[in-house]
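This is what each chain is made of:
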Amino acid sequence: MPSMAQGGVSNSTEVHKLNSKPFSNDSSARRQKIMQQRKSLPIASVEKRLVEEVRKNDILIIVELPQFLFHAGYARDGKVIGVTQPRRVAAVTVAKRVAEECGVELGQRVGYSIRFDDRTSATTRIKYMTDGLLLREALLDPYLSRYSVIIVDEAHERTVHTDVLLGLLKKVQNERSKSVNDQSNCNNKANKNMLLDRENDTHGIGIFKQYQGRNFPPLKLIIMSASLDARGFSEYFGGAKAVHIQGRQFPVDILYTLYPEPDYLDAALITIFQVHLEEGPGDILVFLTGQEEIESAERLVHERLQQIPEASRKLITVPIFSSLPSEQQMRVFAPAEAGFRKVILATNIAETSVTIPGIKYVIDPGFVKARSYDPVKGMESLVVVPVSKAQALQRSGRAGREGPGKCFRLYPESEFDKLEDSTKPEIKRCNLANVILQLKALGVDDIIGFDFMEKPSRASIIKSLEQLFLLGALTDDCKLSDPVGHQMARLPLDPIYSKALIVASQFNCLEEMLITVAMLSVESIFYAPREKLEEARKAMKCFASPDGDHLTLINVFRASDEFLEKRKLEISKEKSEKIMRKWCKENFINSRSLRHARDIHSQIRGYVEPMGLSISSCGEDLLQFRRCLAASFFLNAALKQPEGTYRALASGQVVQVHPSSVLFRAKPECIVFNELVQTNHKYIRNITRIDYLWLTELAPQYYTMQN
DNA sequence: GAGCACTGC
């Protein structure tokens, strides 16, 4: 019986946005200090034991990070030790820290690789990366032959990428140990249980067959998890051994309410003031569900502050949520003025992504806004749901990072007992089109039979297969189509956007579509703070196109291009970044989103060129571009209803135009849209007006069938 | 009249 992993988020994977110091000359002193620190970490005492365990077992499930596999020889013969993280910042900060610990320059022996930023070289032996990136790598190297060990960190988070990666790694490990066993008669003890697994494995990976006969050393897998339950991972990997290492954490007092709170926002406010007036120094972190809630909580705190004695008013509020511009996000890291207490009002960005120093008190109403997916309607939505026990634990842990803390859970203990143990893995609550496309590209044809750690519902798989079929990515017998399906799988985009690029090359407007899909692939481009709503609206009007949001986005992109182009010759790269940010601010554009879109644009451009798609522009012929949008997004067409709402043609749902759309007031008869999200209403976003007749002309396979 | 969090050779 394996010992179960508990508690302790790995110390080495903390993300602290201000923590990323570059490699510097005073590194030797720092290194010594780090070495000393390391020796005091629990991990050091088990170093030997851990290496021994890795030697004896093919799969280990542990909860702390080992750096010493390198010294144990796992990176010999040019092999690489790969470490995956769900988030970019984590991959970068951990790589930097490890490079420093080892006293090497980043990018040499220790490096990282994330999208748009590769700091590895031929000499890199320990490579940190995002799990999504390793999945992409697998498309080119299905055996992951460069790697001797792969460490999947933060596996308990169960992102879609982690789950797909785990499934793939299990396959690769099987196939690699098979390739060794087939070649030599070595009766390797460590491979025995894998042989048993192989006999139960009826769904072979097609692509591996062509590699059969090649000799790969076995792949070692290490799964790192901070979850309460290592058993799931252990069972999935055929009874893999679990080693439990206690993380470092100060005690946190958990306090519950006596009775359920009918209004958690009000309860949160009361608790904020209770802590402020009665507890010792230390900042407060409050978990709320979204921007709107955070903004109203902020107003309410300020209102109530006026009702208490002036001497007690030394309280400041700081909001943080993902769509907040980064300069404003940074405010959470600045200490409050002496004598003041800081209240951070956060979404679950503060649960894992951002670690805020100085938190002593956590207030947790116990709710989170989570994505959910309805396979019947094919619609994703955001709904407020109770957190899981694991999430509640993660939140309370935020109070015990620098010293003992307190966590106020705004519900009775009996309610805690009723919570789910862990959050439902994302793969069970999202559209699977992309997952399926990638697996198919890796040669997994039987998606329903694929050995997922937790299988998505059959209905959900079938719905996404259907979508891919309608996009022309799959053939009648559900194989990846050639060339369309293969081209789509290679592009790191939503399948519908990948298809749009292929369609656009035939409409001679790939230039425009490249910009469009890049802009559609990022978070909202426009940023409108409540207090400057009018100004923001005015700024947006400069870019607005009467045809819709797609052309509006193109206008923004081209304006930014033009702005940069003019100044490119005279200034450095850093300076251009800086003036770009200024330009964005003046135009109420989220500079993070725009930079991201520009990165995606240049990356995707580099992909489609070698695919043989012709990059040309339709110039002034915007009608041509709108026809192309209709041909690409025909699955997302909608018709106006008499009362001003719309009916989505594919699903029959009644939807409304999102208020952020330039067509919010114009309400044309027929439109295509790119996003359908259920919040308070069913909203469609990113909309362009089209002619209804184009649908039957350009997508007859779908619309003659329908009508 | 309104936007959980992540991520992609």
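Residues numbered from 1 in each chain as written. Chains lettered and ligands numbered in written order. Predicted model: local features only at pLDDT ≥ 70, side-chain atom pairs only at ≥ 80, totals over all residues. Heavy atoms only, no water.

Enquirer: Describe the overall build of chain A, with residues and values.
Expert: Secondary structure summary: chain A contains 27 helices and 21 strands in total. Here chain A holds 707 residues, and the buried ones make up 53% of them. Long-range pairs, those at least 24 residues apart, make up 73% of the contacts in chain A with a sequence separation of at least 6. For chain A, the computed accessible surface area is about 32,500 Å², with 50% contributed by carbon and sulfur atoms. (Helix = DSSP H or I, 4+ residues; strand = E, 2+ residues; numbered from the N terminus. Buried < 20%, exposed > 50% of the residue type's maximum accessible area, 1.4 Å probe, protein only. Contact = heavy atoms within 4.5 Å. Areas by Shrake-Rupley, 256 points an atom, 1.4 Å probe, with all protein chains shown as cover.)

Enquirer: Tell me about the packing of aromatic side chains, and please be specific about residues and values.
Expert: Overall, the coordinates contain 10 aromatic pairs when judged by the stated rule. Between Y236 and F237 the ring centres are 4.9 Å apart and the planes differ by 70°, which places this aromatic pair in the edge-to-face class. When the ring of F450 is compared with that of F452, the centres are 4.9 Å apart and the planes differ by 80°; the resulting orientation is edge-to-face. When its relative accessible area of 2% is taken as the criterion, F450 is described as buried. (Phe/Tyr/Trp six-rings, centres within 6.5 Å; stacked < 30°, edge-to-face > 60°.)

Enquirer: Talk me through the protein's contact with DNA strand B; I want residue IDs and the actual numbers.
Expert: Not every one of the 36 residues close to DNA strand B is listed here, only the nearest: L140, S322, K369, R371 and T679. In the interface set of DNA strand B, defined as its atoms within 4 Å of the protein, sugar plus phosphate atoms amount to 61%. Measuring from a phosphate oxygen of DNA strand B, one finds a backbone N or O atom of R115 at 3.2 Å. One of the side-chain nitrogen or oxygen atoms of E426 is found 3.2 Å away from a base nitrogen of DNA strand B. (Near = heavy atom within 4 Å. Polar contact = N/O pair within 3.5 Å; in protein donor to acceptor, adjacent residues only side chain to side chain.)

Enquirer: Requested: an account of the nonpolar core, with residues and values cited.
Expert: Grouped burial of nonpolar side chains is what soluble globular proteins tend to show. In this structure, I150, L501, M513, M519 and L594 are the most contacted members of the largest nonpolar core, which totals 107 residues. The biggest single contributor to this core is helix α20 (residues 510–520), with 8 residues. Contact partners of M513, with chain neighbours within four places excluded, come to A500, L501, A504, F625, C628, L629 and S632. Of all hydrophobic cores here, the second largest spans 25 residues; its members include I272, L315, F321 and L345. (Core = buried A, V, L, I, M, F, W, Y, C linked by side-chain atoms within 4.5 Å.)

Enquirer: Can you tell me about the side chain of R395, naming the residues and giving the values?
Expert: By secondary structure assignment, the location of R395 is in helix α14 (residues 389–397). On the basis of relative accessible area, R395 is assigned to the buried category, the value being 0%. In contact with R395, other than residues within four places in its own chain, are F287, N348, E351, V362, D364, G366, F367, V368 and V387.

Enquirer: Outline a negative patch on the surface, supporting the account with residue identities and numerical values.
Expert: Residues D445, D446, D476 and D477 make up a contiguous surface patch of negative charge. Position of D446 among the secondary structure elements: in the loop between α16 (433–441) and α17 (458–470). Residue classification places D446 among the partly exposed positions, given a relative accessible area of 34%. (Patch = residues over 30% accessible without salt bridge, like charges linked within 9 Å, V, L, I, M, F, W, Y side chains within 5 Å. Salt bridge = Lys/Arg side-chain N within 4 Å of Asp/Glu carboxyl O. Lys, Arg positive; Asp, Glu negative; His and termini not counted. Charge placed at Lys NZ, Arg CZ, Asp CG, Glu CD.)

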